[in-house]
Amino acid sequence: MNDPASWASSERVRTSMVGNRGRDTKPELALRRELHARGFRYFVNRRPIANVRRTADIVFPRARLAVFVDGCFWHGCPEHHTVAKTHAQYWAEKVQANRLRDADTNRLLGDAGWNVLRIWEHVPPVEAADLVGNRLAEILP
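Residues numbered from 1 in each chain as written. Predicted model: local features only at pLDDT ≥ 70, side-chain atom pairs only at ≥ 80, totals over all residues. Heavy atoms only, no water.

A. Just the sheet that holds strand β2 (residues 56–60), in detail. Strand order in the open sheet formed by 4 strands is β1-β2-β3-β4, and the pairing between neighbours is mixed. At either end of the open sheet lies a strand with only one pairing partner, and these are β1 (43–46) and β4 (115–120). Sheet twist, expressed as the mean angle between neighbouring strand axes with direction ignored, is 30°. For β2 and strand β3 (residues 65–70), the ladder comprises 3 bridges, and the chain directions are antiparallel. Looking at β3, one finds that V59 is bridged to A66. Across the sheet, helix α2 (residues 26–37) is in contact with β1, β2, β3 and β4; its angle to β2 comes to roughly 15°. (Pairing = 2+ DSSP bridges. Helix = DSSP H or I, 4+ residues; strand = E, 2+ residues; numbered from the N terminus. Axes fitted to C-alpha atoms, helices over the stretch in contact; angles between N-to-C directions. Contact = heavy atoms within 4.5 Å.)

B. Spatial organisation of the pattern of salt bridges. Applying the stated rule across the entire model yields 10 salt bridges. Close ionic contact of D24 with R23 constitutes a salt bridge, the shortest N to O distance being 3.3 Å. Residue R23 is classed as partly exposed on the basis of its relative accessible area, which comes to 37%. Between R54 and D104 there is a salt bridge, with the nearest N and O atoms lying 3.1 Å from each other. Of this pair, R54 sits in the loop between β1 and β2 while D104 sits in helix α4 (residues 88–111); the two residues are 50 residues apart in sequence, bridging distant segments of the chain. Looking at D104, the relative accessible area reads 25%, which means it is partly exposed. (Salt bridge = Lys/Arg side-chain N within 4 Å of Asp/Glu carboxyl O. Buried < 20%, exposed > 50% of the residue type's maximum accessible area, 1.4 Å probe, protein only.)

C. Structural view of the nonpolar core. Formed by 16 residues in total, the largest nonpolar core has its most connected members in L31, L35, F60, L65, V67, I119 and V132. Secondary-structure elements contributing two or more residues to this core are α2, β2, β3, β4 and α5 (125–139). The greatest single-element share of this core, amounting to 4 residues, is contributed by α5. In terms of nonpolar packing, the next biggest core, distinct from the first, is built from 9 residues, V52, V59, A66 and L109 among them. (Core = buried A, V, L, I, M, F, W, Y, C linked by side-chain atoms within 4.5 Å.)

D. Quick peek at the packing of α2 against α5. The contact between α2 and α5 brings their axes to 9 Å, and the two run at 60°. Judged by the angle between their axes, α2 and α5 are oblique. Judged by the sense of rotation from one axis to the other, the crossing of α2 with α5 is right-handed. From α2, A30, L31, E34 and L35 reach across to α5, where they touch P125, V126, A128, A129 and V132. Residue composition of the contact of α2 with α5, grouped by class: 8 nonpolar, no polar and 1 charged. (Parallel < 35°, antiparallel > 145°, perpendicular 65-115°, else oblique. Left-handed = near helix turned anticlockwise from the far one by under 90°. Nonpolar A, V, L, I, M, F, W, Y, C, P; charged D, E, K, R; others polar.)

Shown next, in the form of structure tokens:
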């Protein structure tokens, strides 16, 4: 490895991890394209509550709907999450911390009058857009 102080177990792992995107992931982009094609307009990568350091992937301010597209590995999808082969305890703790933060985010936004919709990355874009559209129809008259 080039950087002896790196947190990664190997150069290959480091390259993979550095390549992970925090926003504009393929599932997010696919959902946004589908929503836009259906005529929905929204904000991207925005804090629903300005003074709370939590950023939603898609935000509908008028409906007070925050949509999060959660990665199966990072957020511990019950269907697709896999256990890391290297540094398993570190990654298990990381995923557990993400789950706790997600629950806290849901609580904070709910307490502030926001609706939260979490969609797993493996949900097909058409189905995900249906979930968003249905939730918006419930919220808005």
